[in-house]
Amino acid sequence: MRRVLALRLNSNASTADLPERLLHAESLVENADATGAHFALDQAFASAGIVPRGRVLINWYRFDEIDEFLWADLVLYFDDIWYPSSDDIDIMDPACEWVLSVTHYGAIMVAKFET
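This is a predicted model, so every value here is computed, not measured. (Residues numbered from 1 in each chain as written. Predicted model: local features only at pLDDT ≥ 70, side-chain atom pairs only at ≥ 80, totals over all residues. Heavy atoms only, no water.)

## Here we look at the confidence of the model for the protein
Right, so step 1: In the predicted model, the protein carries a mean pLDDT of 85, and the fraction of residues at 70 or more is 83%.
Right, so step 2: Put simply, helix 1 (residues 2–6) is where the protein has its lowest mean pLDDT, 45, and helix 3 (residues 41–47) is where it has its highest, 97.
Right, so step 3: This model gives residues 1–5 a pLDDT under 50, and the stretch forms 14 contacts once residues within four places in sequence are excluded. (pLDDT = per-residue confidence, 0-100. Helix = DSSP H or I, 4+ residues; strand = E, 2+ residues; numbered from the N terminus. Contact = heavy atoms within 4.5 Å.)

## Things to note about the sheet that holds strand 5 (residues 98–102)
Right, so step 1: Spatial ordering of the open sheet is given by 1-6-5-4-2-3, a layout of six strands whose pairing is antiparallel. For this open sheet the edge positions go to strand 1 (27–33) and strand 3 (66–70), each flanked by a neighbour on one side alone. Adjacent strand axes in the sheet meet at a mean angle of 25°, parallel and antiparallel pairs treated alike.
Right, so step 2: Taken together, the five bridges between strand 2 (residues 55–59) and strand 3 define a ladder with antiparallel strand orientation. Looking at the pairing, Leu57 lines up with Glu68 of strand 3. (Pairing = 2+ DSSP bridges. Axes fitted to C-alpha atoms, helices over the stretch in contact; angles between N-to-C directions.)

Laid out in structure tokens, this is it:
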């Protein structure tokens with residue numbers, strides 16, 4: 001429930017409301033394409049003005065499956081974790097201050113929230 005509140009949904013909202021909330025809150029990170037030959041996840045985060053530390057959470061689908069990774073491992077193994085043309089993933093910090101989404105077609109989107 002903390003994540004629902006952090007993303008500015010009312011306390012009666014469900015996790016099913018989160019994808020719609022993100023859709024309206026996110027903006028495109030210019031010049032970042034996850035399908036590009038020289039894509040680096042840490043550079044996409046830097047372009048978005050986000051500096052992750054420690055652990056990050058990954059939402060795989062509609063916030064019903066969330067995994068926790070060390071930031072360094074996610075950067076190192078990103079090519080093995082995200083699959084182009086099939087995966088839409090949301091990467092967030094445990095406090096939900098930000099969400100960086102990687103779409104199945106490689107676009108990078110970002111939303112920042114105050115907690």
